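For reference, the chains in residue letters:
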Amino acid sequence: MSSIRIFILSALSERGPMHGHHLRLLSEEEHLDLWTDITTGGLYGAIKRLDAEGLIEEMRTEKMGSYPTRKVWRITEAGSQALSSLKINGLREIVRRPDPFDLAITRLDPDRLDDLETVIAARLASLEAMLTDYEAHMRTVARYLSLAESLAMRHHVVRLQAEITWHQELAAQLPQLILDEKTRRSSHDPAT
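Residues numbered from 1 in each chain as written. Predicted model: local features only at pLDDT ≥ 70, side-chain atom pairs only at ≥ 80, totals over all residues. Heavy atoms only, no water.

J.: Whenever I open this one, the overall build of the protein chain confuses me. Can you help?
T.: Secondary structure assignment for the protein chain yields 8 helices and 3 strands. Its helices and strands in sequence order give the protein chain the pattern α-β-α-α-α-β-β-α-α-α-α, from N to C terminus. Dimensions of the protein chain, computed from C-alpha atoms along their principal axes, come out at roughly 75 × 40 × 40 Å. Counting only residues that meet the buried cut, the protein chain has 28% of its 192 residues in that class. In the protein chain, 62% of the contacts between residues at least 6 apart in sequence involve partners at least 24 apart. In the form shown here, the protein chain has an accessible surface area of approximately 12700 Å², with 54% of it arising from carbon and sulfur atoms. If the 24 positive side-chain charges of the protein chain are averaged to one point and the 29 negative ones to another, these points end up 6 Å apart. (Helix = DSSP H or I, 4+ residues; strand = E, 2+ residues; numbered from the N terminus. Buried < 20%, exposed > 50% of the residue type's maximum accessible area, 1.4 Å probe, protein only. Contact = heavy atoms within 4.5 Å. Areas by Shrake-Rupley, 256 points an atom, 1.4 Å probe, with all protein chains shown as cover. Lys, Arg positive; Asp, Glu negative; His and termini not counted. Charge placed at Lys NZ, Arg CZ, Asp CG, Glu CD.)

J.: What am I meant to see in the packing of helix H1 (residues 3-15) against helix H2 (residues 20-29) here?
T.: Two measures define how a pair of helices packs: the angle their axes make with one another and the distance between the axes. The geometry of H1 relative to H2 is characterised by a closest axis approach of 11 Å and an angle of 105° between their N-to-C directions. As the angle between them shows, H1 and H2 are arranged roughly perpendicular. Of H2, the residues touching H1 (which contributes Phe-7, Ile-8, Ala-11 and Arg-15) are Leu-23, Leu-26 and Ser-27. Residues of the contact of H1 with H2, tallied by class, amount to 5 nonpolar, 1 polar and 1 charged. (Axes fitted to C-alpha atoms, helices over the stretch in contact; angles between N-to-C directions. Parallel < 35°, antiparallel > 145°, perpendicular 65-115°, else oblique. Nonpolar A, V, L, I, M, F, W, Y, C, P; charged D, E, K, R; others polar.)

J.: What is the right way to read the environment of Leu-50 from this model?
T.: Note on placement: Leu-50 falls in helix H4 (residues 43-52). Those residues in contact with Leu-50 that sit more than four places away from it in its chain are Arg-5, Ile-8, Leu-9, Leu-55 and Ile-56.

J.: Would you mind showing me how to read the pattern of salt bridges here?
T.: Once the charged atoms of two side chains with opposite charge are near each other, the side chains can pair. With the rule as written, the count across this model stands at 11 salt bridges. Across the salt bridge formed by Lys-87 and Glu-14, the nearest N and O atoms sit 3.9 Å from each other. Linking Lys-87 in helix H5 (residues 77-92) with Glu-14 in helix H1, this pair joins segments that are 73 residues apart in sequence. For Lys-87, a relative accessible area of 37% gives the class partly exposed. (Salt bridge = Lys/Arg side-chain N within 4 Å of Asp/Glu carboxyl O.)

J.: Can you help me understand the packing of aromatic side chains in this one?
T.: When we look at a pair of aromatic rings, we describe it by the centre distance and by the angle of the planes. What the rule picks out here adds up to 1 aromatic pair. Here Phe-101 and Trp-166 contribute two aromatic rings whose centre-to-centre distance is 5.9 Å and whose plane-to-plane angle is 90°, an arrangement assigned as edge-to-face. With Phe-101 in helix H6 (residues 100-105) and Trp-166 in helix H8 (residues 147-188), the pair connects residues that are 65 residues apart, well separated along the chain. Take Trp-166: its relative accessible area is 35%, and that puts it in the partly exposed class. (Phe/Tyr/Trp six-rings, centres within 6.5 Å; stacked < 30°, edge-to-face > 60°.)

J.: What is the right way to look at the sheet that holds strand S1 (residues 18-19) in this model?
T.: Through backbone hydrogen bonds, the strands of a sheet pair up, either in parallel or in antiparallel fashion. The antiparallel open sheet is built from 3 strands, whose spatial order is S1-S3-S2. Two strands lie at the open edges of the sheet, namely S1 and strand S2 (56-62), each paired on one side alone. Looking at chain direction, S1 and strand S3 (residues 70-75) are connected through 2 bridges and run antiparallel. Pairing of His-19 across the sheet is with Val-72, part of S3. Its contacts with the sheet put H1 on S1, S2 and S3, and the angle it makes with S3 is roughly 85°. (Pairing = 2+ DSSP bridges.)

This is how it looks when you write it as structure tokens:
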């Protein structure tokens, strides 16, 4: 599932033709980078891919003042059909990406076990700071959000809270985890 495809096709469908810079400004205005996996840097590559697939097409070029010439894009009939599918699939599919942290915690460096408490504490502090910042941002933009946008942002808050809860459980079990790792390593050590 590609959020950026949904964004570009929806914007062109709902707001009409626009150039890439306008799409970038719209994504910044909606703060999409704060509550989706969309980055403003990824927009232009996505536009090229959508064009190559025939989901959008160049309508015209514009030249305003000293700005470079810009292509104005519009959604095609195939793009409208794809958008409909993308939207329904976006609602149906559950996206849960593996966190490399999970693999790393199962492959600990036996010589660095004493650093683990500091690393986990820093990770937990970072998650808590992210939550605090995100909630502050939500309060700042709340009056500009639709109900759906508010709920989407709340979803991000709940996911961060779940991460924090899990990390707190991990931190509480660190002494046992470290002991388990030392015991397990020594039982597999051919020198003992």
